[in-house]
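Overview (structure and organization)
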Amino acid sequence: HDAGHMLALAFRVLGNMNYAEQAIQSTFITIWKNADTYEEEAGPAKGWIYSILRFRIGVLYKQHYDSIQAAAQNTDPLLSETLINLQADIHDAEESHSVFYGYLDELPVEPQRALINMYFSASEQASTATFLNMPLGRFKENILLGLRHLSKKLESFPHHVENEKIGEYVLGGLSGEEERYILQLFNQDSSAANIALIWEAHFTEFLDQLPQQTPPQRLWDSIRHNLKGTEESGNIPDTTGEYPASSFIPGHIKEACLDLWGNVKLWQACSLVLAILSATLVIMMPSSSNMPKMIAIMSDPAQNIQTAWVIKINQDGSAQFKPLIQQNIAENLEMEVWTQSNASGNDYRSLGTIKSSTPFNLQADTLGKTVPGQLFQISLEPVGGSKTNKPSGSVLYQGRLVDVSN
């Protein structure tokens, strides 16, 4: 019943139908194998289902980040409407019986935009805020304002002092410290996890923004193929399609892991592990032909779980800057790269401005002397850069050099 909406959501976030079908396949297999673990008192079944789906989308987004971003840059603009324009269609999707949309429409435009864009984003809050050309602090205020309004208006919520914070967690993009706090809350208070599934179910109303996608018969065949021979497969409807079953055969380890995914806390916690793992792989697997002598991992100062940029200082003193997330900024703004060798001083030095998150190199004479502990920052500045010889706008990312030559 929900497959069309689910595929539309996966395709909207991932921008690739192959990846979207992978997300649907792993989601349906997980649901089928763990359906007996769902209990109605835990929260709405729809919330449970979409929690699994959005976790799987997030995993695929991180795994295929480079190809997703490259495809997004080469896509026909008419076929890839920006998230910011989704909000313009809200009245077209509104139905007289949609209480959620009625309450959402009572909010000012900014909180509406913040909620909708964060739901359709697989990025951190800072990246989504920058996409909307909105300071992170104001973006978070708009998110909490919207959630507070909805939680008071919608009658399905039990009273809980952390209703809005749980809703913010479900939307995604929180810092590691904020996520750990909510996960600890789930462990201590079963009603908190119940509220998370209520939020998830309500947020599916946003899917009315998207045209449904019809799952092809080969997808159902592939799901049946991957459950073939399991105890759960006996009740799967025997559908016949024009497409052959997928040749994809999961390994025994993956099958064992799928059995663990009936726990919503585990799905969310895994995203932290994946983020840390991605940073570790960047550090631990440099090219053998060009071993770096120092590395800096740059992340949002307030959200240091997700790596945003990696700086590699080569043996000859040159530097390679590689982005791991895409930063979209307004036409009247640029990103400026800074370094500061003395943390206690004010000796900022600009290394130039960049317009988008693309890899670039700096020669040794341009970079200057580098030492362990040296700070690098990327700030958001007007076109032409800061006029004060130091960051004048928001510091988007920062990190310090670590000696890895030994």
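In this report, we go over the structure that sits alongside the text. What you see is a predicted model; the values in this text were computed from it and never measured. (Residues numbered from 1 in each chain as written. Predicted model: local features only at pLDDT ≥ 70, side-chain atom pairs only at ≥ 80, totals over all residues. Heavy atoms only, no water.)

This part takes up the sheet that holds strand 2 (residues 309–313). If you walk across this open sheet you meet the eight strands as 5-4-7-8-1-2-3-6, and the pairing is antiparallel. The sheet terminates laterally at strand 5 (348–354) and strand 6 (360–362), the two strands that pair on one side only. The average angle at which neighbouring strand axes cross in this sheet is 20°, direction not considered. Here six bridges tie strand 4 (residues 333–340) to strand 5, and the two strands are oriented antiparallel to one another. Along strand 5, the bridge assignment pairs Trp338 with Ser350. (Pairing = 2+ DSSP bridges. Helix = DSSP H or I, 4+ residues; strand = E, 2+ residues; numbered from the N terminus. Axes fitted to C-alpha atoms, helices over the stretch in contact; angles between N-to-C directions.)

In contact at an axis separation of 9 Å, helix 2 (residues 17–34) and helix 3 (residues 45–63) are set at 140° when each is read in the N-to-C sense. The orientation of helix 2 with respect to helix 3, classified from their angle, is oblique. As for how helix 2 packs across helix 3, the hand of that crossing is right-handed. For the pair helix 2 and helix 3, the contacting residues are Tyr19, Gln22, Ala23, Ile24, Ser26, Thr27, Thr30, Ile31 and Asn34 in the first and Trp48, Ile49, Ile52, Leu53, Arg56, Ile57 and Leu60 in the second. Considering only residue class, the contact of helix 2 with helix 3 consists of ten nonpolar, five polar and one charged. (Parallel < 35°, antiparallel > 145°, perpendicular 65-115°, else oblique. Left-handed = near helix turned anticlockwise from the far one by under 90°. Contact = heavy atoms within 4.5 Å. Nonpolar A, V, L, I, M, F, W, Y, C, P; charged D, E, K, R; others polar.)

Once that is clear, we can look at the side chain of Ser123. Along the chain, Ser123 falls in the loop between helix 7 (109–119) and helix 8 (125–131). Separated by 3.4 Å, the side chains of Ser123 and Tyr61 make a polar contact. Those residues in contact with Ser123 that lie beyond four places of it in its chain are Tyr61, Met118, Thr128 and Gly173. (Polar contact = N/O pair within 3.5 Å; in protein donor to acceptor, adjacent residues only side chain to side chain.)

Here we take up the pattern of salt bridges. Scanning the model with the defined rule gives nine salt bridges in all. Across the pair Glu200 and Arg54 runs a salt bridge, and its minimum N-O distance is 2.8 Å. Residue Glu200 is found in helix 12 (residues 190–203), and its partner Arg54 is found in helix 3; the two are separated by 146 residues along the sequence. A salt bridge links Lys165 to Glu168; the shortest N-O distance between them is 3.0 Å. Note that Lys165 and Glu168 are positioned in helix 10 (residues 163–171) at a spacing of three residues, about one turn of the helix. Residue class for Lys165 comes out buried when judged on its relative accessible area of 18%. When salt bridges that share partners are traced, they join Lys140, Lys165, Glu168 and Glu178 into one network. (Salt bridge = Lys/Arg side-chain N within 4 Å of Asp/Glu carboxyl O. Buried < 20%, exposed > 50% of the residue type's maximum accessible area, 1.4 Å probe, protein only.)

Any functional reading would require information beyond the geometric quantities listed.
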